[in-house]
Amino acid sequence: METPELITGDRRTRIFRQLQKDRTVLTLRLLGRDYERLTMVIGVEQDGGQPSFLIDYPRGFREAVSGIPVWMLRFEFIGTDHLAYRFRTKGGRILKEGVHLPLPEAIERIQRRAHFRVEAPLGSTVRFPDPGPGGDLLEMALVNVSVGGALMASRKAGGPSDSLGMDTEIRDLKLFFPLPDEDVTIPVRSAVVKRVESDGETGKPKYAVRFEPLPAAEADRLNELIWEIQRIQLRRQQLL
């Protein structure tokens with residue numbers, strides 16, 4: 001069982017100022033409602049002597065909190081040390097420049113390297129040789145990805161492929177991401193199928209795979225790409 005480190009006192013303010021400086025993307029969840037958005041810290045200040053912070057206004061937030069007397073919010077983010085952080089805060093108010101919230105009493109730092117998962121951009125694919133007889137090149141849609149693994153979906157309806165059962169090893173994967181400025185391809189030497197399921201709407205099989213630990217350079221490159229995808233998603237969310 002993991003025991004998080006609790007960050008309190010002035011260290012909280014330093015972390016929030018760093019989040020603002022680095023334009024770190026945070027995941028915001030409104031507890032008690034089906035509402036989740038990406039946002040960023042855009043200010044750290046004192047509110048009547050109490051430390052507080054300001055986040056960029058998430059799309060649909062006003063409607064989501066309608067009727068809730070006291071907001072209960074949970075945030076998660078990945079620090080520059082690649083560890084996961086999380087905190088909760090309650091209350092707050094909507095201002096012209098964003099959403100004003102009380103600084104949390106404590107921030108939890110999880111003492112394990114985080115494999116933050118992000119939805120892959122539309123058109124992302126993964127290609128690899130079929131591990132079954134023949135070794136034909138397979139291409140699947142990439143649903144989401146982290147440094148530790150991915151979820152990919154077949155483009156053909158029907159049951160799972162016989163060659164992609166549980167614990168099947170897949171080699172020489174190529175993860176392809178169409179980004180606004182340039183297309184990016186990241187090689188993965190080896191992965192193992194850890195879960196097989198069928199999409200409830202399309203009936204097409206999906207495969208959750210765990211990557212063999214990536215070399216440091218490729219892991220850093222994929223981490224940077226995941227952060228960039230988050231920033232792109234946040235910019236698009238703000239425009240909707």
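What counts, and at which threshold
- Residues numbered from 1 in each chain as written.
- Predicted model: local features only at pLDDT ≥ 70, side-chain atom pairs only at ≥ 80, totals over all residues.
- Heavy atoms only, no water.
- Salt bridge = Lys/Arg side-chain N within 4 Å of Asp/Glu carboxyl O.
- Pairing = 2+ DSSP bridges.
- Helix = DSSP H or I, 4+ residues; strand = E, 2+ residues; numbered from the N terminus.
- Polar contact = N/O pair within 3.5 Å; in protein donor to acceptor, adjacent residues only side chain to side chain.
- Expected span 1.5 Å × (residues − 1).
- Buried < 20%, exposed > 50% of the residue type's maximum accessible area, 1.4 Å probe, protein only.
- Arc of directions from axis to C-beta.
- Phe/Tyr/Trp six-rings, centres within 6.5 Å; stacked < 30°, edge-to-face > 60°.
- Lys NZ or Arg CZ within 6 Å of the ring centre and 35° of its normal.

A look at the pattern of salt bridges
Enumeration according to the criterion identifies 12 salt bridges in this entry. For the salt bridge of Arg-11 with Glu-5, the shortest nitrogen-to-oxygen distance reads 3.1 Å. The salt bridge involving Glu-169 is made with Arg-171; its shortest N-O contact spans 2.8 Å. Where salt bridges share partners, they join Arg-29, Glu-36, Arg-74 and Glu-76 into one cluster.

Concerning the pairing of strand S12 (residues 125-129)
Alignment of S12 against strand S13 (residues 137-145), held across 5 bridges, turns out to be antiparallel. Note on S13: the bridge partner recorded for Val-126 is Met-140. Bridge analysis of S12 against strand S15 (residues 169-178) gives 3 bridges, and the strand direction is antiparallel. Bridging across to S15, Arg-127 finds its partner in Lys-174.

Focus: the side chain of Ser-146
By the secondary structure assignment, Ser-146 is in the loop between S13 and strand S14 (149-153). Within the structure, the side chain of Ser-146 is placed 3.0 Å from the backbone nitrogen of Gly-148, a separation counted as a polar contact.

Points about the pairing of strand S7 (residues 83-90)
With 7 bridges joining them, strand S6 (residues 72-78) and S7 adopt antiparallel strand pairing. Across the sheet, Met-72 pairs through a bridge with Lys-90, a residue of S7. Between S6 and S7, which follow one another and run antiparallel, lie 4 residues, and His-82 among them has a positive phi close to 65°.

Digging into helix H1 (residues 10-22)
Helix length check: H1, at 13 residues, gives a terminal C-alpha distance of 19 Å against a target of 18 Å (1.5 Å per residue), a fit within 8%. Where H1 is concerned, the buried positions are Arg-12, Thr-13, Ile-15, Phe-16 and Leu-19. One face of H1 carries all of its buried residues, which in axial projection span an arc of 160°. Turned more than 90 degrees away from the buried face of H1 sit Asp-10, Arg-14 and Lys-21, all of them exposed. Looking one or two residues beyond H1, the residue adopting positive phi is Arg-23, at roughly 55°.

Regarding the packing of aromatic side chains
Considering all chains together, one arrives at 9 aromatic pairs under this definition. Measuring from ring centre to ring centre gives 4.6 Å for Phe-16 and Phe-53, while their planes differ by 40°; the resulting arrangement is tilted. Pair noted here: Phe-16 is in helix H1 and Phe-53 is in strand S5 (residues 50-55), with a separation of 37 residues, a long-range link. Assessed through its relative accessible area of 0%, Phe-16 is described here as buried. Taking the centre distance of 6.0 Å and the plane angle of 75° together, the rings of Phe-53 and Phe-75 count as edge-to-face. Taken as a pair, Phe-53 in strand S5 and Phe-75 in strand S6 lie far apart in primary sequence, 22 residues in all. Like Phe-75, Phe-53 is buried. Put simply, the rings of Phe-16, Phe-53, Phe-75 and Phe-87 touch in pairs and so form one group of aromatic residues. Directly above the aromatic system of Phe-176 lies the positively charged group of Arg-127, at a separation of 5.8 Å from the ring centroid.

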